[in-house]
Structure formats: structure tokens, C-alpha cells
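Inside the fold
One-letter residues, chain by chain:
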Amino acid sequence: MRKFAITTIVAMGAMALPAAAHAQSNEAPEVYVGASAGIHDLELGIPDDDGTIYGVVAGVDFPVGETFFVGAEGNYHFGSGAIDNEYGLAARAGVRVGDSAKLFVRGGYQEVDLDVGNLFGINPPAGFDTSDGDYLVGAGVEFGLGDSPIRFRAGLDTIAFDTTRATVGVLFGF
């Protein structure tokens, strides 16, 4: 039930962002999709409790004033090692730096499906829930290549201050 409540609150917040941002600016929203890869350390205190993740991100940023923006983004990553896959939704807020860079913070919800076989060397019984999710907080930077729609990004997140996730990616803006 807690997962459903958190997911509902995050989704409602993400839906409210466009209306709030549009009321503050007449600039067009910035939509993006991209590829992402990184390391997610579960910090369980056992050997090999981290995993490489690789997947996709997609989102939208709404300008609010000259340098400030708010937005929302979703992600889905496949994993190796201790992580089978993970997915989530986050709200973003940040500032533009120069013509093509952004600094941002984000908060949302992330669900992580563990690969118990790789993690503990055993197969869980049928019906055993191997996923866990909680709130996500993080920060990152994006920078572009002049007028190109391609941007690069790096981010550092934590899930409930229990895990550490570092990612890099390439984005294509519309």
C-alpha cells in the first residue's frame, strides 16, 4: 500500500508540473529521450552487491523565467549482477548555466528488482517478491554541443539514502 501511495503522489506531482510551469513562461517545453548507463551499489554489506545498469530515460523540462526550469522524467534500466531491472519517475528542478548546460536536483520514486540468484547464489521460491522500491533523491548536470540537440549528462542518486547510483548518458532533445 505504501508503494501505491508514494507512486500516486509522485504521479500527481508530475502531472501538476506542466500547468505550473506553463503559467510562468511562454517558452516551449524541452522534450528529451536518451540512453543511460551506470553503476548501482545496493550497499548490502555482502560481496558483489552492486550492478551495472543500462537503459533509457525520457522527460520534459518547462522553462520558468530566464534560467530556472522544472520538469519530470522517467527511466527504465536493465541490470547485471545484483540488479535484474529498475524503473522510476522523478520530478526535476534546476538552473541553466550558459547556453547549453543545466544543473538539476530530482526527487521521485524508484523500484528495483533484484536478481537473487546472482546476489545470493540461490533461486527464490515461486511467488517470492524480489523487488523493492522507495523514494529517490539526486542531482546531476547536463551539457550540450553548441546548437546540437544532443546533450550529455551525469547524475548521482540515492534510494532512501540506502543505495548509491551513478549514471551517465546521452540525450536527444526535441
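Here, the structure is the one placed above.
The paragraphs below set out a description of the structure included in this document. (Residues numbered from 1 in each chain as written. Predicted model: local features only at pLDDT ≥ 70, side-chain atom pairs only at ≥ 80, totals over all residues. Heavy atoms only, no water.)

As a further point, take the packing of aromatic side chains. Per the stated rule, a full pass over the model turns up 6 aromatic pairs. Ring geometry for Y76 against F78: centres 5.2 Å apart, planes inclined by 85°, an arrangement best described as edge-to-face. The class for F78 is partly exposed, based on a relative accessible area of 45%. Geometrically, the ring pair formed by F172 and F174 is edge-to-face, given 5.4 Å between the ring centres and 80° between the ring planes. The structure contains a cluster of three or more aromatic residues connected by ring pairs, namely Y54, Y76, F78 and Y87. Here the guanidinium or amino end of R92 rests over the ring plane of F104, the centre of that ring lying 4.2 Å away. The ring of F69 carries the charged tip of K102 above its face, separated from the ring centre by 4.7 Å. (Phe/Tyr/Trp six-rings, centres within 6.5 Å; stacked < 30°, edge-to-face > 60°. Buried < 20%, exposed > 50% of the residue type's maximum accessible area, 1.4 Å probe, protein only. Lys NZ or Arg CZ within 6 Å of the ring centre and 35° of its normal.)

What follows covers the layout of surface pockets. Considered as a void within the structure, the largest pocket measures approximately 290 Å³ in volume. Taken together, 15 residues line the largest pocket, and the ones lying closest to its centre are D99, S100, G146, S148 and R151. Every element with two or more residues in the lining of the largest pocket is listed here: β1 (30-41) and β5 (101-114). Looking at the lining of the largest pocket residue by residue, the classes come out as 4 nonpolar, 5 polar and 6 charged. Estimates place the volume of the second largest pocket at around 230 Å³. L42, E43, L44, V112, L114, D132, G133, D134, I159, A160, D162 and T163 together form the lining of the second largest pocket. When residues of the lining of the second largest pocket are traced back to their parent elements, those giving at least two are β5 and β6 (131-144). With 3 residues, the single largest contributor to the lining of the second largest pocket is β6. (1 Å grid on protein atoms, 1.4 Å probe; cavity = no way out; pocket = protein on both sides within 12 Å on 5 of 7 lines; lining within 4 Å. Points joined across faces, edges and corners; volume = space filled by probe spheres on them. Helix = DSSP H or I, 4+ residues; strand = E, 2+ residues; numbered from the N terminus. Nonpolar A, V, L, I, M, F, W, Y, C, P; charged D, E, K, R; others polar.)

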